[in-house]
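One letter stands for each residue in the lines below.
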There are 2 protein chains.
Amino acid sequence: MTVTLADVAARARVSPATVSRVLNGNYPVAASTRERVLRAVDDLDYVLNGPASSLAAATSDLIGILVNDIADPFFGIMAGAAQTEIGGPGDGSGRAGGEKLAIVCNTGGTPERELTYLTLLQRQRAAAVVLTGGAVEDPAHQAAVSAKLAKLADAGTRVVLCGRPPLADNTSVVAALAFDNRGGGRRLTEHLLSLGHRDIGYVAGPVERTTTRHRLEGHRDAMKAVGIVGDEDRLTVHGSYDRRSGYDATVELLRREPGITAVVAANDTVALGATAAIRDRGLRIPEDISVAGFDDLPFSVDVVPALTTVRLPLFEAGARAGRLATGKEAPPPGGIATIAAELMVRGSTAPPRG
Amino acid sequence: MTVTLADVAARARVSPATVSRVLNGNYPVAASTRERVLRAVDDLDYVLNGPASSLAAATSDLIGILVNDIADPFFGIMAGAAQTEIGGPGDGSGRAGGEKLAIVCNTGGTPERELTYLTLLQRQRAAAVVLTGGAVEDPAHQAAVSAKLAKLADAGTRVVLCGRPPLADNTSVVAALAFDNRGGGRRLTEHLLSLGHRDIGYVAGPVERTTTRHRLEGHRDAMKAVGIVGDEDRLTVHGSYDRRSGYDATVELLRREPGITAVVAANDTVALGATAAIRDRGLRIPEDISVAGFDDLPFSVDVVPALTTVRLPLFEAGARAGRLATGKEAPPPGGIATIAAELMVRGSTAPPRG
DNA sequence: CTGTTAGCGCGTTCAT
DNA sequence: ATGAACGCGCTAACAG
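Bear in mind the structure is a predicted one, so any value in this text is a computation, not a measurement.

### Points about the relation of the copies chain B and chain A
And step 1. Of the transformation superimposing chain B on chain A, the axial component is 0.0 Å and the angular component is 180°, with the fit at an RMSD of 0.2 Å. As the rotation angle and translation indicate, the two copies are arranged about a two-fold axis. Taking C-alpha positions as the reference, the residue of chain B nearest the rotation axis is Pro-51 of chain B, at 2.0 Å.
And step 2. When the interface residues of chain B are mapped onto chain A, 100% of them again fall at the interface, so both copies present the same face.

### Re the pattern of salt bridges
Oppositely charged side chains can form a pair if their charged atoms are brought close together.
And step 1. Following the criterion strictly, the structure yields 50 salt bridges over all chains and no others.
And step 2. Between Arg-187 of chain A and Asp-180 of chain A there is a salt bridge; the shortest N-O distance is 3.9 Å.
And step 3. Overall, the relative accessible area of 22% leaves Asp-180 of chain A in the partly exposed class.
And step 4. Here Glu-252 of chain B and Arg-255 of chain B are joined by a salt bridge, their closest N and O atoms 2.9 Å apart. Remark: Arg-255 of chain B and Glu-252 of chain B occur in helix H10 (residues 243-256); sequence separation between them is three residues, near one turn of the helix.
And step 5. One salt-bridge network, in which partners are shared between bridges, spans Glu-85, Arg-320, Arg-323, Lys-328 and Glu-329 of chain A.

### Here's the deal with the sheet that holds strand E6 (residues 200-204) of chain B
All names here are of chain B.
And step 1. The parallel open sheet is built from four strands, whose spatial order is E7-E6-E8-E9. Lying at the two open borders of the sheet, with one neighbouring strand each, are strand E7 (236-238) and strand E9 (290-292). Each adjacent strand pair in this sheet contributes to an overall mean axis angle of 15°, direction not counted.
And step 2. Both E6 and strand E8 (residues 262-265) contribute to a ladder of four bridges, which runs parallel. By the bridge assignment for E8, Tyr-202 is matched with Val-264.

### Structural notes on the packing of aromatic side chains
And step 1. Throughout the structure, instances matching the rule amount to five aromatic pairs over all chains.
And step 2. A ring pair is formed by Phe-74 of chain B and Phe-75 of chain B, whose centres lie 4.9 Å apart and whose planes are at 85°; its orientation type is edge-to-face.
And step 3. A relative accessible area of 8% means that Phe-74 of chain B is categorised as buried.
And step 4. Taking relative accessible area as the criterion, Phe-75 of chain B reaches 7% and is therefore assigned buried.
And step 5. Members of the aromatic cluster, each reached through a chain of ring pairs, are Phe-74, Phe-75 and Phe-179 of chain A.
And step 6. Taking NZ or CZ as reference, Arg-215 of chain A lies 3.8 Å from the ring centre of Phe-294 of chain A, over its face.

### Things to note about the interface of chain B and chain A
And step 1. The interface of chain B with chain A comprises 58 residues on the first partner and 58 residues on the second.
And step 2. Summing the contributions of chain B and of chain A, the shared interface buries around 5,100 Å²; its carbon and sulfur component is 58%.
And step 3. For the interface between chain B and chain A, the tally reads six salt bridges.
And step 4. Run the count over chain B and chain A and you get 13 residue pairs in polar contact (both at pLDDT 80 or more).
And step 5. The set of elements that each furnish at least two residues to the side of chain B that touches chain A consists of helix H4 (50-57), helix H5 (73-87), strand E2 (101-106), helix H6 (111-123), helix H7 (139-154) and helix H11 (268-280) of chain B.
And step 6. When residues in the side of chain B that touches chain A are grouped by element, the largest group, nine residues, is from H6 of chain B.

### Things to note about the packing of helix H4 (residues 50-57) of chain A against H4 of chain B
And step 1. Closest axis-to-axis distance for the H4 of chain A/H4 of chain B pair is 8 Å, and the angle between their directions is 135°. Compared by their axis directions, H4 of chain A and H4 of chain B come out oblique. For H4 of chain A against H4 of chain B, the interelement crossing comes out left-handed. Between H4 of chain A, through Pro-51, Ala-52, Ser-54 and Leu-55 of chain A, and H4 of chain B, the contact on the second element is made entirely by Pro-51, Ala-52, Ser-54 and Leu-55 of chain B.
And step 2. Considered class by class, the residues forming the contact of H4 of chain A with H4 of chain B number six nonpolar, two polar and no charged.

### Examining the protein's contact with DNA strand C
And step 1. Not every one of the 24 residues close to DNA strand C is listed here, only the nearest: Leu-5, Ser-20 and Tyr-46 of chain A together with Arg-21 and Ala-30 of chain B.
And step 2. When atoms of DNA strand C within 4 Å of the protein are split into backbone and base, the sugar-phosphate part holds 64%.
And step 3. Here a phosphate oxygen of DNA strand C and a side-chain polar atom of Ser-53 of chain A are 3.4 Å apart.
And step 4. Taken together, the elements giving at least two residues each to the surface near DNA strand C come down to helix H2 (16-24) and H4 of chain A together with helix H2 (16-24) and H4 of chain B.
And step 5. Residue contributions to the surface near DNA strand C peak at five residues, all from H4 of chain A.
And step 6. Among the residues forming the surface near DNA strand C, the class breakdown is 14 nonpolar, eight polar and two charged.

### Here's the deal with the protein's contact with DNA strand D
And step 1. Not every one of the 24 residues close to DNA strand D is listed here, only the nearest: Arg-21 and Ala-30 of chain A together with Leu-5, Ser-20 and Tyr-46 of chain B.
And step 2. Restricting the count to atoms of DNA strand D within 4 Å of the protein gives a sugar and phosphate share of 69%.
And step 3. Within the contact set of DNA strand D, a phosphate oxygen lies 2.7 Å away from a backbone nitrogen or oxygen of Ala-30 of chain A.
And step 4. A distance of 3.1 Å is found between a phosphate oxygen of DNA strand D and a side-chain nitrogen or oxygen belonging to Asn-24 of chain B.
And step 5. Of all the secondary-structure elements, those providing two or more residues to the surface near DNA strand D are H2 and H4 of chain A together with H2 and H4 of chain B.
And step 6. Here the surface near DNA strand D gets five residues from one element, more than from any other, and that element is H4 of chain B.

### A word on the pairing of strand E2 (residues 101-106) of chain A
Along a regular strand, successive side chains alternate from one face of the sheet to the other.
All names here are of chain A.
And step 1. Judged by how many residues are buried, E2 sits mostly within the fold: six of six residues are covered.
And step 2. Bridge count for strand E1 (residues 62-67) against E2 is six bridges, and the pairing is parallel. For Val-67, the partnering residue across the bridge sits in E2 and is Asn-106.

### Comments concerning the nonpolar core
And step 1. Grouped together as the largest cluster of nonpolar side chains are 175 residues, with contacts concentrated most on Ile-65 of chain A together with Ile-65 of chain B.
And step 2. Each residue touching Ile-65 of chain B, except ones within four places of it in the same chain, is listed here: Ala-79, Ala-82, Gln-83, Ile-86, Ala-102, Ile-103, Val-104, Cys-105, Val-130 and Thr-132 of chain B.

### A short note on unusual backbone geometry
Trans is the prevailing form of peptide bonds, just as negative phi is the prevailing case for residues other than glycine.
Residue and element names in this part refer to chain A.
And step 1. Cis geometry is adopted by the peptide bond preceding Pro-286, which originates at Ile-285 and carries an omega value of 5°.
And step 2. On the secondary structure map, Pro-286 appears in the loop between helix H11 (268-280) and strand E9 (290-292).
And step 3. Positive phi, normally seen in glycine, also occurs at Arg-13, with a value near 60°.
And step 4. In this structure, Arg-13 sits in the loop between helix H1 (5-12) and H2.
And step 5. Exposure remark for Arg-13: the relative accessible area of 72% places this residue in the exposed category.

### Details of the sheet that holds strand E7 (residues 236-238) of chain A
Hydrogen bonding along the main chain pairs the strands of a sheet, whether they run parallel or antiparallel.
Residues and elements named next belong to chain A.
And step 1. If you walk across this open sheet you meet the four strands as E7-E6-E8-E9, and the pairing is parallel. Unpaired on one side and paired on the other, E7 and E9 mark the two borders of the sheet. Sheet twist, expressed as the mean angle between neighbouring strand axes with direction ignored, is 15°.

Calculation criteria
Residues numbered from 1 in each chain as written. Chains lettered and ligands numbered in written order. Predicted model: local features only at pLDDT ≥ 70, side-chain atom pairs only at ≥ 80, totals over all residues. Heavy atoms only, no water. Least-squares fit on C-alpha atoms with pLDDT ≥ 70 in both. Contact = heavy atoms within 4.5 Å. Salt bridge = Lys/Arg side-chain N within 4 Å of Asp/Glu carboxyl O. Buried < 20%, exposed > 50% of the residue type's maximum accessible area, 1.4 Å probe, protein only. Helix = DSSP H or I, 4+ residues; strand = E, 2+ residues; numbered from the N terminus. Pairing = 2+ DSSP bridges. Axes fitted to C-alpha atoms, helices over the stretch in contact; angles between N-to-C directions. Phe/Tyr/Trp six-rings, centres within 6.5 Å; stacked < 30°, edge-to-face > 60°. Lys NZ or Arg CZ within 6 Å of the ring centre and 35° of its normal. Buried area = accessible area lost by both parts, 1.4 Å probe. Polar contact = N/O pair within 3.5 Å; in protein donor to acceptor, adjacent residues only side chain to side chain. Parallel < 35°, antiparallel > 145°, perpendicular 65-115°, else oblique. Left-handed = near helix turned anticlockwise from the far one by under 90°. Nonpolar A, V, L, I, M, F, W, Y, C, P; charged D, E, K, R; others polar. Near = heavy atom within 4 Å. Core = buried A, V, L, I, M, F, W, Y, C linked by side-chain atoms within 4.5 Å.

Printed below as a string of structure tokens:
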């Protein structure tokens, strides 16, 4: 019932092998026969059997992109950019030629799902895997991921890290593009300090995530550099990377220390929740309390007042990861590149009152 | 070099078929042998060969979710919700058992890529396909998509539409969950009219998209109902569904008619751009100009003033689509369900001045 | 409950 | 430049 390569061969009056050669375009084929074959393909509306093809060739053209939260533009932007580089423009026929195809896998930030998807991609003999965003720092999980990635690499899968720190053993990774979260976090807090703030609350992301830790370390480095120490734990509240969490954490922060003059949030989305909490309390931004975010997502410039934040070149990084995954671009020296984070000063931060 | 099912069978001292049976869990197997087999699997670190498995079984456990723009939370929320229902919790081992696996495919809103991905999923013998968001109205493309979906359905793939209108021939579709974009658009404009607005500009989405057309029709229906006609085209500017486009279109709108007292945007993201354009012009929201969006994305409640918009239950719809795709939920009568849109009145709309 | 036997549809040697 | 034959790794009958 479903038309196979043999059917096409029969109609084109050639051998199955020839059809295969035409379709893959790897071997020389006479122009006339190629023509006949292609017409037969169209006539019969033939679609290659992917599993059969992958089985015989021991490879596939799938490239998996793992993201922690697909509803978060932070990941969407990177994944979309990567996919733009990978997918190619298509040939307009919808025939799905030889180009690679990117698929996005949403781990929800959980270690189990991350491993499950890696196994799936291993099963599918994926051509490449791109892991985006921060990693969970649980040692057992990191070891499991490293082992899995090593196996993928052994099987010929190109592994790329985007916005994620290198592995302890990074040899199985083609390239690791790490964001300078620590540096960005430090500069952001330095900005606040330079405005005169001393009592700064920090709404952190989930514990045990590299992104959370690095941003927080940057913040604390800056504080320490000017001699503000001892209150770190009291002025830090952890939560997840969403608006709601930002709201709740800020409420808690203001309860613990009503005297804070600035709130630094784990990212822009969290900052949005923080601003809501501050306003609901009847305070103004930035007159009463300054607020800062991280990432510089598209909406950040449009909120009122515009959000001071740290810009991460998400699109560029994702695109580069895509090129690395397809081998279009040479890996950086040592397989590791650090991507700079740029401070964006806007209206949500100002000197403290008095 | 790579370990196969036969290797596992040898080590467990059973036949390959038995190994297959315990892995798929479809046939009865003695507890003791199952135990042996599973240990052998772990010992050898065996990973099923997906292509071989799919080839032999003529099906796969992949479920494709097509989205127009993965960087847009509108799609991210739906895709994430669908995937939550599809993916199952995983078994914690990362072994990737029998459950279905959702993969997200980013079409970028282009017809070619949409067809390319459908072909890919057809190749992979996908278990189901979920198409999210509005469709392009080009007749040729619609015919091509319909034909492709019919073929997928023939091959046993379950096709679900989420946030997309039913096909002309909807028989190959398990279920179409359509948003009431027209009703939502109408109620939104009725709200503005009831506040006293008469000069309302409309920043529309891309032409030739069902979502764009339906929302716009709802708006015009409401205008027509109170006898405001004749100026539709002049007070409508089309653009893409992003912030930048909303900004530019609003600038153009204000150029054409500086007297407008309200701007209705194609969606919340576009509305964000519109507010920026209005503010840059030195006008206040809502005192000088009211602004309204559509979708009620998470950030909309946090912008200042909070955005009046139309709430679409994106998460719920996506989750339902996921259940429909996996067969966990029975399709609605006739395979078509309309999902209600709820007006959310907030601070960005107010009576016009004077 | 378990082993045996055939393919699934294609890519890839080898020939020619 | 093309054809013939083999096998990729697994599942699905069919026995037993």
